[in-house]
Amino acid sequence: MEISKAKKRTIKFNLSLDSNVIFDLLFLLYIFGLLAHKTAVGFDAIFCRVTFVLYIGYFIFWLFYNKEKNKIYFQRNMTFFLWYLVFTFFGLLSLLWATSVPKVFSYLNNFVQILGIAFTLGVRIQNKEDVVKYIIYFVIGILYACLIVIIRTPASDWEKNRIGGVLGTHENAFGNYVSTGFILCFWLMREQKSVLKKIFYMLLCLLFLIFSLYSGSRGSVIKILIGAILLVFLMLKKGKNRFLLLLIVIVGAMFVYNILVSNYFFYSIIGKRLVGLVNYLQGNGESVDSSTLERLYFIDFATDLFKLKPWFGFGLNNFAYQLELVSYRHAVYAHNNYWELLSDLGVIGTLLYYSIFGFYLYLFISKKSNSSLSKFALAILLISIIFDYTTISYQNVFSLSIVFLATKAIDFSESNTQEVYYGKKILQA
């Protein structure tokens, strides 16, 4: 019996809808594994690997199933993917001059995941609404990570230790998750018209702030402060008293700081680390904490390495190997993305990495976009540039995924009837 055209269209629509649901579900499961199952043993080891394979595998199946339609998708702006592909190639090429060749391949798994996210979402994200959808998915992923922390962290640890390590990552990394979650929810809160939804995202902001304090990451707390200031200032309409707002923020920050250094519990977790940073900024070297002193040593060491090989560096991820050669007790990365890249890949590699930020900052300015989403994207790019001085991001799957979403937000900051295809404006069909 012949099926009517209308019924065929219905079947095709339902199949397409189901495909989208499956894709989004697999993406969420992958994000759960990426953020919350990183111990590399037992269930975690299986979960984080299987979810990535299923996610990429289903995407490949979806591509072949929709191969005619996807001819259009492949013409989309894939600037981020192509940029990171070139950067990865240059980084791996550094094996030709690297002091330690095995170190060059240490982050290969991270590179594959970043390229996988950039390509799959580069194809799947079709408009501004999709960008917002994936922002929400990352918020869900961060909430899931918080839930796992609650379940796995012993009650005694909440009273005396930093939390987040149970995820299989450093507490500072968990602090990065929740501070980013705060910034995402802070923007989502402002975008809601419903009072109930505003309250919901406000509560999520409060939750992420609390987890940030418990993580003991001073970078996380400072990131929340600077992120909130940037978003408020960028979102405020002309004529608002920004100086009054700045005064309110400063007074509020001083109030929170006073609580952190006067309360014994919070002082033992994060307050003493903030005090050490403040002492350093004030030039009181005798009272600087050990973490800050080590970071300063890393910068000095990286500076010396950069002077020896300024153009191409010592090879990808070779900063840590150079520390091993001098028998340093804590041979790790530089805790500073700029000096890590300058010592590893020199001026060439560093400029190549930060070219994507320069390109999208230029694109934002040239488009003169006034949309809330594009201003949010600008805030994300600026926050990334600022906090790269305190962390390593070039191989961080989570951090670069958020930057990727910011670039897509700027890509779609044209009018509602236009999209961007390799720099050209083409009217939507």
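Whatever comes next refers back to the structure up there.
Residues numbered from 1 in each chain as written. Predicted model: local features only at pLDDT ≥ 70, side-chain atom pairs only at ≥ 80, totals over all residues. Heavy atoms only, no water.

J.: I would appreciate a short explanation of helix α11 (residues 218-235) in the present structure.
T.: Working note: α-helix, 3.6 residues per turn, so residues spaced by three or four point in the same direction. Here α11 spans 26 Å end to end across 18 residues, near enough to the 26 Å set by a 1.5 Å rise per residue. Listing the buried residues of α11 in full gives R218, S220, V221, K223, I224, G227, A228, L230, L231 and M235. (Helix = DSSP H or I, 4+ residues; strand = E, 2+ residues; numbered from the N terminus. Expected span 1.5 Å × (residues − 1). Buried < 20%, exposed > 50% of the residue type's maximum accessible area, 1.4 Å probe, protein only.)

J.: Mind showing me how you'd approach a nonpolar patch on the surface here?
T.: On the surface, a nonpolar cluster with roughly 590 Å² of combined accessible area is contributed by V195, L196, I199, L203, L206 and I210. Mapped onto the elements, L203 comes out in helix α10 (residues 195-215). Look at L203 and you get exposed, because its relative accessible area is 52%. (Patch = residues over 30% accessible without salt bridge, like charges linked within 9 Å, V, L, I, M, F, W, Y side chains within 5 Å. Areas by Shrake-Rupley, 256 points an atom, 1.4 Å probe, with all protein chains shown as cover. Salt bridge = Lys/Arg side-chain N within 4 Å of Asp/Glu carboxyl O.)

J.: Is there a simple way to think about the packing of helix α2 (residues 42-65) against helix α6 (residues 108-124) in this case?
T.: Between two packed helices, both the angle of their axes relative to each other and the distance between the axes serve to describe the pair. Two elements in contact, α2 and α6, have axes separated by 11 Å at closest approach and are oriented at 35 degrees. Considering only the axes of α2 and α6, their crossing is left-handed. Residues F52, Y55, I56, F59, W62 and L63 of α2 pack against V112, Q113, G116, F119, T120, L121, V123 and R124 of α6. For the contact of α2 with α6, a count of residues per class yields ten nonpolar, three polar and one charged. (Axes fitted to C-alpha atoms, helices over the stretch in contact; angles between N-to-C directions. Left-handed = near helix turned anticlockwise from the far one by under 90°. Contact = heavy atoms within 4.5 Å. Nonpolar A, V, L, I, M, F, W, Y, C, P; charged D, E, K, R; others polar.)

J.: Explanation requested: the pattern of salt bridges in the structure shown.
T.: Side chains bearing opposite charge may pair, as long as their charged atoms lie close to each other. Per the stated rule, a full pass over the model turns up six salt bridges. We note a salt bridge from D24 to K133, for which the minimum N-O separation is 3.2 Å. One end of the pair, D24, is in helix α1 (residues 5-36); the other, K133, is in helix α7 (residues 128-152), and 109 residues separate them in sequence. Classification of K133 as partly exposed rests on a relative accessible area of 24%. Ionic pairing is found between D411 and K408, a salt bridge with its closest N-O pair at 3.4 Å. With D411 and K408 both in helix α18 (residues 397-411) and three residues apart, this pair spans about one turn of that helix. For the residue pair D411 and K408, the accessibility class agrees, reading buried in each case.

J.: Please clarify how the side chain of S217 should be interpreted in this entry.
T.: Counting through the fold element by element, S217 comes out in the loop between α10 and α11. Of the polar contacts made by the side chain of S217, one reaches the backbone nitrogen of S220; its length is 3.1 Å. If sequence neighbours within four positions are ignored, S217 has contacts with R162, N172, G175, S212, I270 and R273. (Polar contact = N/O pair within 3.5 Å; in protein donor to acceptor, adjacent residues only side chain to side chain.)

J.: Honestly, the environment of V278 in this entry has me stumped. Any pointers?
T.: One can find V278 in helix α13 (residues 264-281). On the basis of relative accessibility, which here comes to 27%, the residue V278 falls in the partly exposed class. Sequence separation between V278 and V288 is ten residues; the distance between their C-alpha atoms is 8.1 Å.

J.: Would you mind showing me how to read the packing of aromatic side chains here?
T.: One pair of aromatic rings is described through two measures. These are the centre distance and the angle between the planes. If you walk through the whole model with that rule in mind, you get 49 aromatic pairs. Where F27 meets Y137, the ring centres are 6.4 Å apart and the plane angle is 40 degrees; that geometry is what we call tilted. Taken as a pair, F27 in helix α1 and Y137 in helix α7 lie far apart in primary sequence, 110 residues in all. Taken individually, F27 and Y137 each receive the classification buried, so the pair is uniform in this respect. Geometrically, the ring pair formed by Y58 and F61 is tilted, given 5.9 Å between the ring centres and 40 degrees between the ring planes. Highlighted residues: Y58 and F61, both in helix α2, separated by three residues, approximately one helical turn. Note that R124 overlies the ring of W62, its terminal NZ or CZ placed 4.4 Å from the centroid. Between the NZ or CZ atom of K309 and the centre of the ring of F314, over which it lies, the distance is 4.7 Å. (Phe/Tyr/Trp six-rings, centres within 6.5 Å; stacked < 30°, edge-to-face > 60°. Lys NZ or Arg CZ within 6 Å of the ring centre and 35° of its normal.)

Just geometry here; none of it tells us what the structure is for.
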